[in-house]
Amino acid sequence: MKVLGPGDVKGEDSLRLTFEGALEPQAALETVLAPFFQALEDHAGDWMPEVVSGRRRVKYSRANLWKALEERRDERSTDAWLYRTRRPTLEMSLHVWFPPLPPALDVMTTVQPLTLFAEEERSRQLVEMVRTWASCYPVTHAAAHSVADRALAGAPDFGRDARTARRDGFDRIYEVFWLNVFGPKLVETVGRERMLSTPAHRVEELPNGSVLLVTWPTAADFASDEARRAQARAHVHLRPDLDFDTVLRTLRERSASLVPVEPRFHPDVAPLLSRVVESVASHERPRRIAELNAWRPPEPEEWRPATAVLPSDVGNAKRALEQYSLYAEQLVALLHTKVPSVFEATPESLGDVDYQFWHEDFPRVFERQLIDEHAVPSTGAYLGQVLVRHLGGTWIPRQKLDEAQVLVGNRVWFPFARARHYMRSCQSLLDFSLTQLYRVAQRHRG
Amino acid sequence: MRTQALAHGWVALLAAVLLSTGCVTLAPRRGGSTEAGPNALCAEPAPSCEGRAVPPGWPDFSSSDSEALLAPFLTCTSPAEYVALQEHVDMPRLVQSLTDWDAVRLGSLGPVREDAAGLLNRKRLSFLLHATDTYGVAPAEVFVRYLFDSAHDDELRELLFWLARDKRLDTTLGLMPRAQAELEARGLKLSARPDRDFQPGDLLRGAGRAVTDLLTHEQEKNAWYTHYSRQRVQLPPSYQKDLDEVEREGAKQHYSAGNVVLGSVDHLTFGVPLGFYYLVAGTGHGLHSLSRGEYEQAVRQLTPLALVATLYVGGKGMRPLHEARRGGAGLQGGLETLRARAGALAEKTRELQARLGTGVEGLRELGRYIQARREAGRFVAVGGMDAALALYEARGDVARARPLMSRARSGATGSSPGKSAERQGALVSLVDKEVGHTLDVVEAKLAAAELEATGPRLPKDVGVLEKHRPSLDVPPSEAQGNPRWREYVDYYEKRLGEVKKGEATEGPLKWEPYERMRAWFARGLAFERDRVKLLREDAAKPRAQRSFLGDFDSPRIEIQVGVRKPGTGLRYADVLVIEEGGLGGGPRRVETFSFKSRDFSGLDRETLTARMKVDASEALRNYGETLDIRRDSLQSLLPGGSEVQVPRVRLIYEGGKLMPTDVDASKAAALATEKAVPGVEVLFQ
């Protein structure tokens, strides 16, 4: 069954709900989890799970759910994954831990788009669901918030090194999110009285000693100035060691960095840059777009006017051309499993090649010798082939690869020299992209 | 030309399967003829070559000992071997000589050769009718379900057609609601009208006699042999359990029409009989002598569908190396073999699933394709991973799959990189003594990478390998100018030598996959080199400032340390850290690091979590728990002996663009992995 995941729509924020609760060790799983799913079914509404993934993906039902949990069970844990086939998309994981681990329930839910929770009632339903969960399962910590803003807040490490963070978990109030449930231990760090007097949209003490805190009526407009003020007020109340103005300034900076930026990339490299941007986490995207909007690739210099062409100095031109063609095939061999379009050797394939090398950090990772002896000739030859095939170019072979030229219109281009510049570093893959050289050559074809 | 090459490949592959057994004396190959060779053997692919030989003189058609004729097939450890063994026997004659029940058992091992398939199906029909008459409907239904579960769809269509023609449906299957429901779940209807594309087999092309008449003398022959109790114990445990239930008084209600519970039936039960045979083959124990509980525990992790696809794809290499040592005599040996094999299968299943790249659904679909047609079963049994991927891409259509096969990326299974005879020139460029990448280590790591490498291989046939021997001076067009060509030629020659000596379990990779494997290998080494340097810097810091080695008073970093564990053999731990400082008499702290360079970008969290768990379990198995440290220079630090407890294995992934962009989610996956596989810490760099 095909499902949609939060990665399927790029650049759109999602809501993430995390929940860690304790379980009764002895009870049967179906009994102990029934209230969990009841609350989910009661309140999820239009983001209700449709698919449950056990050994295979099947329609969501309680029966299939128990089956999935049973199928994936091993000695100390089991898990189930819930999805939807349509928008809004949902990815929900449920990990259940058994002795010798402390019996517990870990939930991570991501719903896209976040704008779904612009509606007050939908946000309220979510709060009700979490409230029910937290009343049934003693919570250490639970939170719901924008995925992008969570990342900016440094979740889940909050500035600690990964090991410490994993060992200690959310053991003090590192951040106040839109929705929060603080377990008894966290309540203790603040003091119950103080916590219950936090200025917020909703503060409620739950029967098992944890405290539910919601900063603002809706989850989606967390970045608005009023919501940020509310968030900062609650945060400094719970952390008197923090300064309100500093906290608010940080939050406002986060809001500012999330304001979408319209891409205005240099047209020669726009398709490549769009893909680069797509592969960046959503919270970093606006900043990256702004950077790339400002960036202009240097004008290609690997050319001469046709009048200054270097005449061929090879004895057997046919043999040389065959060699170039073999080099080009090597690139196909190198990349075709990851970039099938490389077979086609079209201008679009050049963009795919550019992106793949960039994605793999190719020049950084591989040995220089390997790159110079292997990657540069094959990339250069491939570029030359595309110029020949699609711009009606002509090879003018030379003994030295760097001097080999392709005549297009009133210019000769040096594809191997370009490839050498290109492979210098990860940044130079963008500065000296194959795509750009092709576009410029196309314009000057005359 | 391409067809020719492919046809040649098929012959070679078949031969390779047989040759791989190592202890075979083959009749001379006669241009791919299928004539029986006198000493053909379905031996065990274990490197130790402990396989039992086919009894001398097998198959002996004069004795009419059905069990003896069948026995060698039951020692096969995979459908690939089963198919290969058939190539050297007069199958029609052999099937003809089997009792009906033994024919049913033969059929449950996988696809029977085309020229014997009609015959086998007729015997199935005979068994079905006979069992229904003599055992009573309820017990017969269990046997019939076993028969159905082990037959391909096209074979069942033929059976149903015959039954319908002779109006025997109502008196047989018509009374068996559960068997019926299972047929329907497979899209097969009890109807006299065959599918449009269906062609009945040879049974009806004969004199057109009624099925029952035709079968009379078969039944007489079987009369002595068809002992219910004997057949009963030859059923896989789950069917035996059903028989138990039938025999108990509750049977009537349970099997009455209208009370068919299919909820628990995995519609793809095809794998049950298959797994039953192949998991215990060669242990010296029929499953009936192993307790059911043990069997079920061992295969709990394997669903029938996983069994089908994996067993067919698995070919050789299904058997873990240590099994040869452990297995052998006694019930305990049998059980250990069973568990080890189930574990290896589970691992193989994960690999196959990853290759298919479509999750469990893909695996299931592949199983369905194999189940649907005998031809598809044979195609995958012979062609392994290549064929499986091609079949999957062609959506079960074998004719379309064949040409795809050469393009398919395949998965190599096992291969034992023998001791290097000569140094490989091009590898020298990867040597970096400073981080412990000596030539020995690079070679060992490359051998491990080759073992896991994806990509088509040449068969393990000296003749074929000699013929395709690469020439140093005349590289193929795609390798011209490639500095690794020389290395490849060396590699090929070395493997050819091993094949000649019977030491290799796999043929060499073809050039292109070799080249691809080398590219990632270089990347992995580069990542490791960086990490080792960083770790050294960490060790040099004051304890409180260290990010990795804070648990050590005075850490000593050793790189590429040979460690041994029962079951995994000698491995090189990327980094081993050992406490060098003074101790109050307690054992020394030892931790190991494993570095992985994998492209996880674009993976969803569920897949990511699953992959991490697999890597973590493997790291723990190879470098965790109790380790036997082999390095001489470390022995002075280990007065209590070279065996140490490793409290923590660090699994370190290359981060950056190779990880999903959602760091929050990746960390959740790492946390879940650590909880699920205690003793392993997962980090991204």
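Note that this is a predicted model, so its numbers are computed, not measured. (Residues numbered from 1 in each chain as written. Chains lettered and ligands numbered in written order. Predicted model: local features only at pLDDT ≥ 70, side-chain atom pairs only at ≥ 80, totals over all residues.)

Asker: Teacher, can you tell me more about the overall build of chain A here?
Answerer: In terms of regular secondary structure, chain A is built from 18 helices and 14 strands. A total of 446 residues make up chain A; the buried ones form 45% of that total. (Helix = DSSP H or I, 4+ residues; strand = E, 2+ residues; numbered from the N terminus. Buried ≥ 20, exposed ≤ 12 C-beta atoms within 10 Å, placed from the backbone.)

Asker: Just checking my understanding: could you explain the confidence of the model for chain B for this structure?
Answerer: Residue and element names in this part refer to chain B. Per-chain confidence: chain B averages 71 in pLDDT, with 67% of residues scoring 70 or above. Confidence scores differ between elements of chain B, with helix H1 (residues 2-19) showing the lowest mean pLDDT of 29 and helix H28 (residues 663-676) the highest of 93. Under a pLDDT of 50 for its full length, residues 406-425 has, in the predicted model, 53 contacts with residues more than four places off or in other chains. (pLDDT = per-residue confidence, 0-100. Contact = placed C-beta atoms within 7 Å.)

Asker: I'm lost on helix H3 (residues 79-86) of chain B in this one. Help?
Answerer: An α-helix turns once every 3.6 residues. As a result, residues three or four positions apart point the same way. A large share of H3(B) lies buried, amounting to 8 of its 8 residues. If you check which residues of H3(B) are buried, you get Pro79(B), Ala80(B), Glu81(B), Tyr82(B), Val83(B), Ala84(B), Leu85(B) and Gln86(B).

Asker: Sorry, what's going on with the interface of chain A and chain B here?
Answerer: Interfaces are often sized by the accessible area lost when the parts come together. Between chain A and chain B, the contact holds 42 residues from the first and 37 residues from the second. Broken down by secondary-structure element, the contributors of at least two residues to the side of chain A that touches chain B are strand S4 (77-83), strand S5 (89-97), helix H4 (147-152), helix H5 (162-168), helix H12 (317-335) and helix H15 (368-391) of chain A. Within the side of chain A that touches chain B, the residues separate by chemical class into 18 nonpolar, 12 polar and 12 charged. (Nonpolar A, V, L, I, M, F, W, Y, C, P; charged D, E, K, R; others polar.)

Asker: Any chance you could explain the pairing of strand S9 (residues 202-205) of chain A here in plain terms?
Answerer: The two faces of the sheet receive side chains in turn, since in a regular strand these alternate between them. Residues and elements named next belong to chain A. As paired elements, S9 and strand S10 (residues 211-214) share 4 bridges and run antiparallel to each other. Among the inter-strand pairings, Arg202 is bridged to a residue of S10, identified as Val214. The antiparallel hairpin formed by S9 and S10 contains 5 residues in its connecting segment, where Gly209 sits at a positive phi of about 95 degrees. (Pairing = 2+ DSSP bridges.)

Asker: Can you help me understand the nonpolar core in this one?
Answerer: Most often, soluble globular proteins have nonpolar side chains that are buried together. Core analysis: the biggest nonpolar cluster contains 137 residues, and Val130(A) and Ala144(A) have the highest contact counts within it. The biggest single contributor to this core is helix H26 (residues 511-540) of chain B, with 9 residues. Residues within four places of Ala144(A) in sequence aside, it is in contact with Leu15(A), Arg16(A), Leu17(A), Leu126(A), Val130(A), Phe177(A), Trp178(A), Leu179(A) and Ala219(A). (Core = buried A, V, L, I, M, F, W, Y, C linked by C-beta atoms within 7 Å.)

Asker: Can you walk me through helix H11 (residues 285-294) of chain A in this structure?
Answerer: Residues and elements named next belong to chain A. Among all positions in H11, only Arg285, Pro286, Ile289 and Leu292 are buried. Buried residues of H11 fall within an arc of 130 degrees about the axis and therefore sit on the same side. The outward face of H11, more than 90 degrees from its buried face, is lined by the exposed residues Glu291 and Ala294. (Arc of directions from axis to C-beta.)

Asker: Would you mind showing me how to read the sheet that holds strand S7 (residues 139-146) of chain A here?
Answerer: Strand-to-strand pairing in sheets goes through backbone hydrogen bonds, with the strands running parallel or antiparallel. All names here are of chain A. Spatially, 10 strands are ordered S3-S2-S4-S5-S6-S1-S7-S8-S10-S9 in an open sheet, and the strand pairing comes out antiparallel. The two strands at the open ends of the sheet, each matched to only one other strand, are strand S3 (57-59) and S9. Averaged over neighbouring strand pairs, the angle between their axes works out to 15 degrees when direction is ignored. Summarising the sheet, strand S2 (residues 51-53) and S3 pair through 3 bridges and their orientation is antiparallel. If you follow Ser53 over to S3, its bridge partner there is Arg57. (Axes fitted to C-alpha atoms, helices over the stretch in contact; angles between N-to-C directions.)

Asker: What is the right way to look at the sheet that holds strand S14 (residues 411-413) of chain A in this model?
Answerer: Residues and elements named next belong to chain A. Within the open sheet, the 4 strands sit side by side as S11-S14-S13-S12. Their pairing is antiparallel. Unpaired on one side and paired on the other, strand S11 (303-305) and strand S12 (394-396) mark the two borders of the sheet. Averaged over all pairs of adjacent strands, the angle between strand axes in this sheet comes to 30 degrees, irrespective of strand direction. The pairing of S11 with S14 spans 3 bridges and is antiparallel.

Asker: Sorry, what's going on with the environment of Glu50(A) here?
Answerer: Residue and element names in this part refer to chain A. Relative to the assigned elements, Glu50 resides in the loop between helix H1 (29-43) and S2. Note: C-alpha distance between Glu50 and Val3 (47 residues apart in sequence) is 9.0 Å. Excluding anything up to four places from it in sequence, Glu50 contacts Lys59, Tyr60, Tyr83, Arg84 and Thr85.

Asker: Help me understand the packing of helix H5 (residues 100-107) of chain B against helix H6 (residues 114-135) of chain B in this model?
Answerer: When two helices pack together, their arrangement is captured by the angle between the axes and the distance separating the axes. Residue and element names in this part refer to chain B. Between H5 and H6, whose axes approach to 8 Å, the crossing angle comes to 125 degrees. Here H6 runs oblique to H5, going by the angle between their axes. Between H5 and H6 lies a crossing whose hand is left-handed. The residues of H6 that touch H5, namely those facing Asp100, Trp101, Ala103, Val104, Leu106 and Gly107, are Leu120, Lys123, Arg124, Ser126, Phe127 and His130. Its residues placed into classes, the contact of H5 with H6 shows 6 nonpolar, 3 polar and 3 charged. (Parallel < 35°, antiparallel > 145°, perpendicular 65-115°, else oblique. Left-handed = near helix turned anticlockwise from the far one by under 90°.)

Asker: Would you mind going over the pairing of strand S8 (residues 179-182) of chain A with me for this structure?
Answerer: All names here are of chain A. The two faces of S8 match: Leu179 and Val181 on one face and Asn180 and Phe182 on the other face are all buried. Here S7 pairs with S8 via 4 bridges, running antiparallel. Pairing of Ala144 across the sheet is with Leu179, part of S8. Note: S8 against S10, 4 bridges, orientation antiparallel. For Phe182, the partnering residue across the bridge sits in S10 and is Val211.

Asker: Help me out: how do you make sense of the packing of helix H13 (residues 347-359) of chain A against helix H18 (residues 434-443) of chain A in this one?
Answerer: All names here are of chain A. Between H13 and H18, the shortest axis-to-axis distance is 8 Å and the interhelical angle comes to 155 degrees. Here H18 runs roughly antiparallel to H13, going by the angle between their axes. Residues Pro347, Leu350, Gly351, Val353 and Asp354 of H13 touch H18, and the partners they reach there are Leu434, Thr435 and Tyr438.

Asker: Sorry if this is basic, but what is going on with the environment of Thr75(B) here?
Answerer: By the element assignment, Thr75(B) lies in the loop between helix H2 (66-74) and H3. A residue is classified by how many C-beta atoms lie within 10 Å of it, and Thr75(B), with 22 of them, is buried.

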